[in-house]
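# Topology and contacts: notes
Letter by letter, the chains look like this.
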Amino acid sequence: MNPTAHTSTSAPRTTREQFFARIRTALEHDRTIAPSEPAPVVSDALARTTRATDDLTQRFCEKATAVGMKVRQIVAGDLTRTIGTLLEEIKAKRVVVSVGTVPQAVGLKDSIRRKGIEVVDWAATPGLESQYDTDAGITDVHAAIAESGTMVCCSDAGHSRGLSLVPPVHIAVVRKADILPDLIDWWNKMKAVPPTQWPSSIALITGPSKTADIEGVLVTGVHGPGTVHILVVTDV
Amino acid sequence: MTATQSPPPTPAPTPQPESAAGAAKPHVAPGPPPGHVHPLIVSLPYSIHERADKATADPQLQFFVTRATYYKDQTRKKVFAEVYGERYDQMRELAGNIKQHTLDYLDHYLGEWIDNAEANGVKVHYARDSAEANSICLEIAKANNCKLCVKAKSMVTEETHLLPELEAMGCETVETDLGEFILQIDHDAPSHIVTPMIHKDRVASAKALTAALGVPYNDEPEVIARVARDHLRGKYRKADLGISGGNFLVANTGSVVICTNEGNGRFCTSAPRIHVAFVGIEKVIPGPEHLSVMLKMLARSSTGQPLTVYTHTMTGPKRAHEHDGPEEMHVILIDNGRTEILRKETREMLRCIRCGACLNACPVYRKIGGHAYGAVYSGPIGALITPLFKGLANYKDLPQASSLCGACYEACPVKINIPKYLIQLRTDMVGGKITGLPDRIFYRVWAASLKHSLTYRLGGWAQTTFFRLQAKLSGTLAKGEKYSARGWLKDAPGPVKGWTSQRDMPTPPAASFRNWWDKEHVRSVNPKAAEALKASGAGEAKPAARQH
Ligand code: SF4
């Protein structure tokens, strides 16, 4: 194979072949072979902490609360009103919204605008730039995990990476049907999708942005949102 | 298959809005004050004593370190007991097996990861050592005309000492993890692999912020965090290069996974146009189901959290239909001595997922803190891998910096038998004549004397007499009957000077247990009375005990 032709003035770059030669020497492999035994099996009985038969909504709410997120259980009919109240509480002036997968949220943007709050069209500007001066990001989720109180937020055409990261408050809508029992279930679900079609970013979010770097004192909101509200819609 | 080429010339950087914070100040690489000693750059061969002495005489440091580690150690135990109970050990076994299996076939799995990552549009680079890793990164920065770099926490870039090089080429580089940021502006260095700033308090942090950013002094942690947040947001908005490490590489998807709590990792890998990840070759695992296991173990072992706040899985740069994300994603795979450790005898050490649990559990680490280890990786795992990375002769004190109590082994989520390998290193030191001649003669003589009863007793007598004499001279030997009278051996002269200057040791009683048993006990047992006791069926323990 062709050694890399770098324009650098320094020594030629290590090639994949040279790099692997060192690994094979250490392993005492004369060539790369497929493993003679299969990768360790992840036994469900051992690794799983949460099952489909558990009360997933309750477990999710409990765990999400334990990591510092503010959880409310509501019915779909109350969604718009609850979000409106939250936005009033934080005196929001500008927000970003992406709740496309929740049919019950139809009309959400209009109802927010009627309160005199600007709904910023984040999709019109490339990158995260339009989101820095907003007060809240309102999103749906791609899944939720009961085991750890985690929300899964992926990037795609309708979801900027920034919505759950840049604004100081994240309001997430989790439908009961979104809640998976265990982390294992999320990755099993992803295994059905070829990796070349995976979103470039999968963020598992378990709590508000946190640090304990200064004397172990817990401070939230150091880079990402300091407050995360989760609205669990129990009837869908 | 071809090795990845350097990035193609790229169009001029996206124009940035004028309003971005901090736009007015041209960048001047902030140098450390004159006479500054970087805590992790030491002269070799490294001697632990100066720093260890200083740390053991610094109660404040020990308080900080203990406060940060003891609580986490307790939380880890509590959380695993709740979640996995009896299965905790099997989970450690499984996580250890997953890493071991991947390492045993590292050529296969790393190859698989590279193929998948490239299919996802990732540019993969191969770095034999620190110098090559840094120069690849500089080339990427140069080719893309990068002027401002935001960097997430990465131990590998500490290893390669990347920052000064980026700064020197004119690319301002900012650490964004709160702890790392404060360390950077204070010209300090991390002392713990997970919580880098545990040796520093709020006062020092606030002073550093005041000095570097000109903000009024305020040492409330909330305020410190807010000042840093505002400052760093200005940087994210303008940055054209983002650097991260990587906690896991998933072979059959080509993904890179990073685990952070603050969200800076997501910013650094999402906001800038170019993302470069520095990742050690040992980070690869086979598939997503294995990722589940490793993630379930990592954060719980680190801090007791079920998962870190943000577990960010990146599978290629921004996809065509997506709204944002980096246009280019580079991964620099780093060997830098890892293939040395990969050989059979030491392979297990590469299982390490850098959770920090062994540091949190270690009584020696709590006493001496991270900087005493004189290298990027501290604590038990540092004592193990630093001598292998940098040469045993250069770090000959580190394998000794352990009481071999085994707390690290019990805490390790991938079951690295750290004490066993520390002993192996000590053996290697003697075999490789790295241990000094006097020491070797001493242990030879000691070993020989243990083999014969006469020399053993003679040695025991000499030791007892010397220790008690010392204790008497220092006035610590309490008066009392001879089997319990104890004193303390401290600051003894001669060959034990070095050893006793840092440790106090109780002196042995004048007579040994054996002597005591023979003289005071056995002799006093009236044979007739013993017979009578035996006949009555009581006191069976006594004859049994005699056999010892
Ligand atoms: S050696 Fe084990 S306990 Fe220590 S940091 Fe590595 S994985 Fe964690």
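This text follows the structure it describes.
Structural notes, computed from the coordinates. Note that this is a predicted model, so its numbers are computed, not measured. (Residues numbered from 1 in each chain as written. Chains lettered and ligands numbered in written order. Predicted model: local features only at pLDDT ≥ 70, side-chain atom pairs only at ≥ 80, totals over all residues. Heavy atoms only, no water.)

### Let's talk about the overall build of chain A
- The helix and strand inventory of chain A stands at six helices and twelve strands.
- Taking 2.2 N^0.38 as the reference for a compact globule, 236 residues should give roughly 18 Å; the C-alpha atoms of chain A span a radius of gyration of 23 Å, well beyond that estimate.
- Its C-alpha atoms give chain A principal-axis dimensions of roughly 70 × 50 × 40 Å.
- A total of 236 residues make up chain A; the buried ones form 54% of that total.
- Considering only intrachain contacts with a sequence separation of at least 6, the fraction spanning at least 24 residues in chain A is 73%.
- Here chain A holds 25 positive side-chain charges and 26 negative ones, and the gap between their average locations is 2 Å. (Helix = DSSP H or I, 4+ residues; strand = E, 2+ residues; numbered from the N terminus. Rg over C-alpha atoms; globule rule 2.2 N^0.38 Å. Buried < 20%, exposed > 50% of the residue type's maximum accessible area, 1.4 Å probe, protein only. Contact = heavy atoms within 4.5 Å. Lys, Arg positive; Asp, Glu negative; His and termini not counted. Charge placed at Lys NZ, Arg CZ, Asp CG, Glu CD.)

### A few points about a nonpolar patch on the surface
- A cluster of nonpolar side chains, Phe442, Tyr443, Trp446, Leu450 and Tyr456 of chain B, forms an exposed patch at the surface whose accessible area comes to about 600 Å².
- The biggest single contributor to the nonpolar patch is helix 19 (residues 437-450) of chain B, with four residues. (Patch = residues over 30% accessible without salt bridge, like charges linked within 9 Å, V, L, I, M, F, W, Y side chains within 5 Å. Areas by Shrake-Rupley, 256 points an atom, 1.4 Å probe, with all protein chains shown as cover. Salt bridge = Lys/Arg side-chain N within 4 Å of Asp/Glu carboxyl O.)

### Examining the interface of chain A and chain B
- Taken together, the contact pairs 93 residues of chain A with 108 residues of chain B.
- Here chain A and chain B share an interface that buries about 8,500 Å² over both sides, 57% of which is from carbon and sulfur atoms.
- If you sort the residues of chain A by the area they bury against chain B, Arg16, Glu215 and His223 of chain A come out on top, with a joint share of 10%.
- If you look at where chain A meets chain B, you find 52 residue pairs in polar contact (both at pLDDT 80 or more).
- At the level of secondary structure, the elements contributing two or more residues to the side of chain A that touches chain B comprise helix 1 (16-27), helix 2 (44-47), helix 6 (183-191), strand 9 (201-205) and strand 10 (210-211) of chain A.
- Among the elements that line the side of chain A that touches chain B, the one with the most residues is helix 1 of chain A, at nine residues.
- Where strand 9 of chain A and strand 9 (residues 310-314) of chain B come together, five bridges link them in antiparallel fashion. Paired with isoleucine 202 of chain A across the bridge in strand 9 of chain B is threonine 313 of chain B. (Buried area = accessible area lost by both parts, 1.4 Å probe. Polar contact = N/O pair within 3.5 Å; in protein donor to acceptor, adjacent residues only side chain to side chain. Pairing = 2+ DSSP bridges.)

### Topic: the packing of helix 1 of chain A against helix 4 (residues 106-119) of chain B
- It is at 9 Å that the axes of helix 1 of chain A and helix 4 of chain B come closest, and there the two elements cross at 155°. Relative to helix 4 of chain B, the element helix 1 of chain A is oriented roughly antiparallel. On helix 4 of chain B, the residues that touch Arg16, Phe19, Phe20, Ile23, Arg24 and Leu27 of chain A of helix 1 of chain A are Leu106, Asp107, Leu110, Gly111, Ile114, Asp115 and Glu118 of chain B.
- Of the residues that constitute the contact of helix 1 of chain A with helix 4 of chain B, the class distribution is seven nonpolar, one polar and five charged. (Axes fitted to C-alpha atoms, helices over the stretch in contact; angles between N-to-C directions. Parallel < 35°, antiparallel > 145°, perpendicular 65-115°, else oblique. Nonpolar A, V, L, I, M, F, W, Y, C, P; charged D, E, K, R; others polar.)

### Structural notes on the pattern of salt bridges
- On inspection of all chains with the given rule, the structure shows 37 salt bridges over all chains.
- Note that aspartate 178 of chain A is salt-bridged to arginine 175 of chain A, the shortest N-O span being 3.1 Å.
- Its relative accessible area of 10% is what places aspartate 178 of chain A among the buried residues.
- For lysine 296 of chain B, the salt bridge is made with aspartate 182 of chain A, and the minimal N-O distance between the two is 2.7 Å. With lysine 296 of chain B in helix 12 (residues 288-302) and aspartate 182 of chain A in the loop between strand 8 (179-180) and helix 6, this residue pair bridges two chains. We note that lysine 296 of chain B, like aspartate 182 of chain A, is buried.
- By sharing partners, the salt bridges in this structure join Glu147 and Asp182 of chain A together with Lys296 and Arg300 of chain B into a single network.

### Describing the site of the ligand
- Lining the immediate environment of the ligand, one finds 14 residues, of which Cys352, Cys355, Gly356, Cys358 and Cys412 of chain B sit closest.
- Of the residues belonging to the shell around the ligand, the class tally is twelve nonpolar, one polar and one charged. (Near = heavy atom within 4 Å.)

### Observations concerning the state of the cysteines
- Summed over all chains, the structure comprises zero disulfides over all chains.
- We note that cysteine 171 of chain B lacks a disulfide partner, and the nearest cysteine sulfur, in cysteine 149 of chain B, lies 5.3 Å from it. (Disulfide = S-S within 2.5 Å.)

### Side note on the packing of helix 9 (residues 202-213) of chain B against helix 10 (residues 221-238) of chain B
All names here are of chain B.
- For the pair helix 9 and helix 10, interaxial distance at closest approach is 10 Å and the crossing angle is 35°. As for the relative orientation of helix 9 and helix 10, their crossing is left-handed in sense. Taken together, the residues of helix 10 that come into contact with helix 9 (itself represented by Arg202, Ser205, Ala206, Leu209 and Leu213) are Pro221, Ile224, Val227 and His231.
- Taken together, the residues of the contact of helix 9 with helix 10 sort by class into six nonpolar, two polar and one charged. (Left-handed = near helix turned anticlockwise from the far one by under 90°.)

### Observations concerning the packing of aromatic side chains
- Within the structure shown, the criterion is met by twelve aromatic pairs over all chains.
- Between the aromatic rings of tyrosine 46 of chain B and tyrosine 395 of chain B, the centroid separation amounts to 5.6 Å while the plane-to-plane angle is 40°, which identifies the pairing as tilted. Here tyrosine 46 of chain B is found in the segment before helix 1 (49-56), whereas its partner tyrosine 395 of chain B is found in the loop between helix 16 (379-390) and helix 17 (407-411), with 349 residues between them in sequence. Like tyrosine 46 of chain B, the residue tyrosine 395 of chain B is buried in the burial classification.
- Each member of the aromatic cluster is reached from another via a ring pair, and the members are Phe19 and Phe20 of chain A together with Tyr126 of chain B. (Phe/Tyr/Trp six-rings, centres within 6.5 Å; stacked < 30°, edge-to-face > 60°.)

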